[in-house]
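Below, each chain spelled out in residue letters.
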Amino acid sequence: MGSYSSNYLRLLSYTKLLASHVNQGRHEQALALFHRIHASLTLDTFVFPLALKSCAAVHRPQLGTAIHAHSLKASIVSNPFVACALVDMYGKCVSIFSARQAFDETPERNVVVWNAMISTYTHSNNVSKALELFEHMNVMPNTSTFNSVIAGLSGLSDGSFKAIAFYRRMQDLGLKPNLITLLALLPSCAGVAALNLIKEVHGFSIRNDIDPHPQLRSGLVEAYGRCGCLDNACCVFESMKERDVVAWSSLISAHALHGEAIIALQIFAQMELAKVKPDGITFLGVLKACSHAGLADEARIYFSRMQDTYGVEVTSDHYSALVDVLGRAGRLYEAYEVIREMPVKVTAKAWGALLGACRTYEEVDLAEIAARALFEIEPENAANYVLLSRIYASSGRHKEAQRMRREMKNMGVKAAPGSSWVIYQN
């Protein structure tokens, strides 16, 4: 009896230390400790999930599979927490198929196990499978279930309305949103300019003391800003005690998006004075502000400072933004040189910005170059054919304009009909 008690106390002590390693992100130490425990003691259902979590974190599929085999021998694989950890480990380290196999082989699935599989689907961008599994749940979903689905839908280009509908469905079940719910929902609210819902989220966060969280406030600044509600965005920003790069970047982008370019650049200057290091998203907002204000020379300076002063990696989006600035300022051939000298892959955004500027300044030769590049990158996009046709027509070259229309018809490319949407609220 004394030996059993001694082993139990040792296992309890080791389990506490193992949990500490895992929770603090010391996963290699956690796995080394797991090996030590495994060599000297009989493991229980608390140890396996912790070890599997570390396997997933440091991508150790072989060890994870070995732990799975050991849990089968110990007849504890049916434990919901072990099953949940197995699904998560397989999803992150092996494959979605293996995760689903582990899920299907679990005899008793509580909501935690269902959540693990749904989350695995959404994190792999397989939202349709997550929705299908959600509808087949034979247990009551909880807030975490809805959080995974809402986050997955918010990440889709056409998922904003569906995400909002799922949020309403969650409320209908009497489930209380938490911080993760609100963070997942805000991008969808901003995506469809659902200002009333953003205010609802904001109000809920204040009443439930979630509002002080800096990540939520940064999200509110962005959401209000994208809806054009700059006063609210500024109000939330001013209420923040600690303003991180996300909050500053969101406020800069909000003003740039709605034509207040000079204010956007002033905010960037304040950000620098506050000793907050800008990132790539910050500079995208700055370049867009320069574009709206016609500040081509200033954009060049900011573009150089991004690399030389702050060491920010320049992406194709930054080059596209610079092309847009130069194009709007009428410096078309300079914009073309930027495209030609881009060290990264030239995207449709860059060529599209140049083609749009060619329409404004009736530059046919460059328009042809830009359009031909776009035809190769996105041959199904009718807007490029229509734009080049209009450039030809505006310069009096009607035969070329008609030829473009015929080319569209021959390739089966059709212009999408105009559409609009409205949010109805009782």
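On a predicted model such as this, the values are computed, not experimentally measured, just so you know.

How each quantity is defined
Residues numbered from 1 in each chain as written. Predicted model: local features only at pLDDT ≥ 70, side-chain atom pairs only at ≥ 80, totals over all residues. Heavy atoms only, no water. Buried < 20%, exposed > 50% of the residue type's maximum accessible area, 1.4 Å probe, protein only. Helix = DSSP H or I, 4+ residues; strand = E, 2+ residues; numbered from the N terminus. Arc of directions from axis to C-beta. Contact = heavy atoms within 4.5 Å. Phe/Tyr/Trp six-rings, centres within 6.5 Å; stacked < 30°, edge-to-face > 60°. Salt bridge = Lys/Arg side-chain N within 4 Å of Asp/Glu carboxyl O. Patch = residues over 30% accessible without salt bridge, like charges linked within 9 Å, V, L, I, M, F, W, Y side chains within 5 Å. Areas by Shrake-Rupley, 256 points an atom, 1.4 Å probe, with all protein chains shown as cover. Core = buried A, V, L, I, M, F, W, Y, C linked by side-chain atoms within 4.5 Å. Axes fitted to C-alpha atoms, helices over the stretch in contact; angles between N-to-C directions. Parallel < 35°, antiparallel > 145°, perpendicular 65-115°, else oblique. Nonpolar A, V, L, I, M, F, W, Y, C, P; charged D, E, K, R; others polar. Expected span 1.5 Å × (residues − 1). Polar contact = N/O pair within 3.5 Å; in protein donor to acceptor, adjacent residues only side chain to side chain.

Undergrad: I keep staring at helix 6 (residues 96-104) and nothing clicks. Help me out?
TA: Because an α-helix packs 3.6 residues into every turn, residues spaced three or four apart end up facing the same way. All of the buried residues along helix 6 are S98, A99, A102 and F103. Buried residues of helix 6, seen end-on, are gathered within an arc of 145° and therefore sit on one face of the element. Each element contacted by the buried residues of helix 6 is listed here: helix 5 (80-93), helix 7 (111-123) and helix 8 (127-135).

Undergrad: Even after reading the chapter, I still don't get the packing of aromatic side chains, so can you show me in this structure?
TA: Two aromatic rings, taken as a pair, are described by how far apart their centres are and by the angle between their planes. Here the structure, examined in full by the defined rule, presents twelve aromatic pairs. Judged by centre distance (5.1 Å) and plane angle (70°), the ring pair of F134 and F166 falls under edge-to-face. Of this pair, F134 sits in helix 8 while F166 sits in helix 10 (residues 160-172), and the two are 32 residues apart along the sequence. Take F134: its relative accessible area is 6%, and that puts it in the buried class. Look at F166 and you get buried, because its relative accessible area is 8%. Aromatic pair Y336 and W351: ring centres 6.3 Å apart, planes at 50°, arrangement tilted. Of this pair, Y336 sits in helix 20 (residues 332-340) while W351 sits in helix 21 (residues 348-361), and the two are 15 residues apart along the sequence. For the pair formed by Y336 and W351, the shared burial category is buried. Put simply, the rings of F268, F283, Y302 and Y310 pair up and form one aromatic cluster.

Undergrad: What is the right way to read the pattern of salt bridges from this model?
TA: Side chains bearing opposite charge may pair, as long as their charged atoms lie close to each other. Taken as a whole, this structure holds 16 salt bridges when the rule is applied. In this structure, a network of salt bridges that share partners links the residues D297, R300, R331 and E334.

Undergrad: How do you make sense of a nonpolar patch on the surface when you look at a structure like this?
TA: On the surface, a nonpolar cluster with roughly 300 Å² of combined accessible area is contributed by Y8, L9 and L12. Along the chain, L12 turns up in helix 1 (residues 2-23).

Undergrad: What exactly am I supposed to notice about unusual backbone geometry here?
TA: One can expect most non-glycine residues to show negative phi and most peptide bonds to be in trans. Not every positive phi belongs to a glycine, and S75 is a case in point at roughly 60°. Relative to the helices and strands, S75 resides in the loop between helix 4 (61-73) and helix 5. A relative accessible area of 59% places S75 in the exposed class. Residues other than glycine seldom take positive phi values, yet N125 does so here, at roughly 65°. In this fold, N125 is placed in the loop between helix 7 and helix 8. N125 gets classed as exposed once you look at its relative accessible area, which sits at 67%.

Undergrad: Would you explain the nonpolar core in this entry?
TA: The nonpolar side chains of a soluble globular protein tend to be buried with one another. I37, I67, M89, I150, W351 and L354 are the most contacted members of the largest nonpolar core, which totals 141 residues. With nine residues, helix 5 is the largest single contributor of residues to this core. The residues contacting I37, other than those within four sequence positions of it, are L11, Y14, L18 and L43.

Undergrad: Would you take a moment to explain the packing of helix 3 (residues 47-57) against helix 5 for this structure?
TA: The description of two packed helices rests on the angle between their axes and on the distance between the axes. Closest axis-to-axis distance for the helix 3/helix 5 pair is 9 Å, and the angle between their directions is 10°. The angle between helix 3 and helix 5 places the two elements in the roughly parallel class. Mapping the contact onto sequence places F48, P49, L52, C55 and A56 in helix 3 and F81, V82, A85, L86, D88, M89, K92 and C93 in helix 5. Of the residues assigned to the contact of helix 3 with helix 5, the class counts are eleven nonpolar, no polar and two charged.

Undergrad: Looking at this structure, how should I read helix 22 (residues 364-377)?
TA: Between its terminal C-alpha atoms helix 22 stretches 20 Å, which fits the 20 Å expected from 14 residues at 1.5 Å a residue. Taken residue by residue, helix 22 has V364, L366, A367, A370, A371, A373, L374 and F375 as its buried positions. At its buried positions, helix 22 is contacted by helix 20, helix 21, helix 23 (382-394) and helix 24 (398-411). Backbone nitrogen of D365 and a side-chain oxygen of the N-cap are separated by 3.3 Å at the start of helix 22; the cap is E363.

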